[in-house]
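Reading the structure
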Amino acid sequence: MGMTARVLAIDAGNSKTDVAVVTADGTVLATARGGGFRPPAVGVRAAVDALAGPVAEAFAAAGITSVDRVSACLANADFPVEEEQLAAALHARAWGRTVEVRNDTFAILRAGVTEPRGVAVVCGAGINCVGMRPDGRTARFPALGRISGDWGGGWGLAEEALWHAARAEDGRGEPTALSRTLPSHFGHTTMLALIEALHLEHIEPARRHELTPVLFSTAADGDPVARDLVERLAQEVATMATVALTRLDLLAEETPVLLGGGILAARHPQLDDGIRDLLAARAPKAVPQVVTASPVLGAALLGLDGLGADMAAQTRVRRYYEA
């Protein structure tokens, strides 16, 4: 394999996009960053249009106009039909001779393992879980929120915390310090004032995610309601991982379980310990570890897998991103 075989790696999440141009021997020629990737909000064409800027920047820096393989790990690619639509749209751009699209959770999984084998649970704004084996078998969940059975993620946790805090203040629920700590974060003294500010959008709706760290700090201070929510999240993470391991027949084998996304990467002691204890009981051979490497590394490794690159190439690109 010569230096002419290259990969365009794309990791496009809801908030940002990272791209990289990588040679077949794992040398990173160029990188670029763009904005969020949101096909449900703007449509497939407009979402792919938004990728054009960072791709053009990376191509220009690398001195190329196309690659052999596009390896794209994209947010909102939750069903095979969506992967196919996005792959067709990327192929029409003629950025690469072949195109492979996966859900962006696969990027975090591949970034954390030395071979395409393991399970990853990602908890950031939402929650998702995927698994893969070298033979191509995968396990995944739609991850569309409550309609697909999901619970957790930053948005979901903030909503749960608000629900409990509102009921605590007006007497419908049990007392919790959340009824004080949540409004205090936004400079209010009561939940009623916070509810009004959120309802009238005096506080931008997008800022609700700021309440998730408040939930964890309140739990760390010993509040029973907040601690119950953190425990429920630990249960959910362990359940998703165990189901994925079971689907892939990996329960009996030592298998990495990667934990990624802002909430899991923060290593909150109660959550981190809870997940590890639950996995030890339900999947004793699982090896949980937090992934902090950039997800675009995973997209690059998946692209190199498709080219049949050797371990030296994988080590070279990993060294670039983990330096």
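Residues numbered from 1 in each chain as written. Predicted model: local features only at pLDDT ≥ 70, side-chain atom pairs only at ≥ 80, totals over all residues. Heavy atoms only, no water.

**Let's talk about the pairing of strand β3 (residues 28–34)**
Looking along a regular strand, one sees side chains alternate from face to face of the sheet. Pairing of strand β2 (residues 17–23) with β3, which is carried by six bridges, proceeds in the antiparallel orientation. If you follow Val22 over to β3, its bridge partner there is Val28. Count of turn residues in the β2/β3 antiparallel hairpin: four residues, of which Gly26 carries a positive phi of about 90°. (Pairing = 2+ DSSP bridges. Helix = DSSP H or I, 4+ residues; strand = E, 2+ residues; numbered from the N terminus.)

**Some thoughts on the sheet that holds strand β9 (residues 255–260)**
As summarised here, the arrangement of the five strands in space is β8-β7-β6-β9-β10, forming an open sheet in which the pairing is mixed. The sheet is open, and its two edges are formed by β8 (138–140) and β10 (286–290), each paired on a single side. Here the strands of the sheet are splayed against their neighbours by 15° on average, with no regard to which way each runs. Across three bridges, the pairing between strand β7 (residues 127–132) and β8 is antiparallel. Looking at β8, one finds that Gly131 is bridged to Ala139. The strands that helix α11 (residues 269–282) touches are β9 and β10; relative to β10, the one it contacts most, it runs at about 165°. (Axes fitted to C-alpha atoms, helices over the stretch in contact; angles between N-to-C directions. Contact = heavy atoms within 4.5 Å.)

**Let's talk about the pairing of β9**
Most of β9 is tucked away, with six of its six residues classed as buried. With burial as the criterion, each face of β9 is covered, one bearing Thr255, Val257 and Leu259 and the other bearing Pro256, Leu258 and Gly260. One ladder, built from four bridges, connects strand β6 (residues 118–123) with β9; its direction is parallel. Bridged to Val119 within β9 is Val257. Taken together, the five bridges between β9 and β10 define a ladder with parallel strand orientation. Looking at the pairing, Pro256 lines up with Val287 of β10. (Buried < 20%, exposed > 50% of the residue type's maximum accessible area, 1.4 Å probe, protein only.)

**Describing the environment of Leu109**
Within the secondary structure layout, Leu109 lies in helix α4 (residues 105–111). Residues Leu109 and Arg137, spaced 28 residues apart in sequence, show a C-alpha to C-alpha distance of 14 Å. Discounting residues that sit within four places of it in the chain, Leu109 has contacts with Gly118, Val119, Ala120, Val130, Gly131, Met132 and Leu258.

**Concerning the sheet that holds strand β4 (residues 67–74)**
The strand order β3-β2-β1-β4-β5 describes an open sheet built from five strands, whose pairing is mixed. Only two strands of the sheet have a single neighbouring strand rather than two, namely β3 and β5 (96–103). Neighbour to neighbour, the strand axes of the sheet diverge by 15° on average, direction disregarded. Bridging between strand β1 (residues 6–12) and β4 involves six bridges; their strand directions are parallel. Within β4, the residue paired with Ala9 across the bridge is Ser71. Seen against the sheet, helix α12 (residues 295–307) touches β1, β2, β4 and β5 and runs at an angle of roughly 145° to β1.

**Digging into the pattern of salt bridges**
Under the definition given, this model contains 14 salt bridges. We note a salt bridge from Glu253 to Arg117, for which the minimum N-O separation is 2.9 Å. Taken together, the residues Glu253 in the loop between α9 (224–247) and β9 and Arg117 in the loop between α4 and β6 connect sequence positions 136 residues apart. Assessed through its relative accessible area of 31%, Glu253 is described here as partly exposed. Under the relative-accessibility criterion, Arg117 is labelled buried at 15%. With its nearest N and O atoms 3.1 Å apart, the salt bridge here joins Arg137 to Asp249. (Salt bridge = Lys/Arg side-chain N within 4 Å of Asp/Glu carboxyl O.)

**Quick notes on the packing of aromatic side chains**
Evaluation of the coordinates by the stated rule reveals one aromatic pair. The lysine or arginine in question, Arg102, covers the ring of Phe106, its NZ or CZ lying 5.4 Å from the ring centre. In this structure, Arg247 is placed above the aromatic ring of Phe141, and the distance from its NZ or CZ to the ring centre is 4.6 Å. (Phe/Tyr/Trp six-rings, centres within 6.5 Å; stacked < 30°, edge-to-face > 60°. Lys NZ or Arg CZ within 6 Å of the ring centre and 35° of its normal.)

**Quick look at the environment of Ala265**
Structurally, the position occupied by Ala265 is in helix α10 (residues 262–265). On the basis of relative accessibility, which here comes to 30%, the residue Ala265 falls in the partly exposed class.

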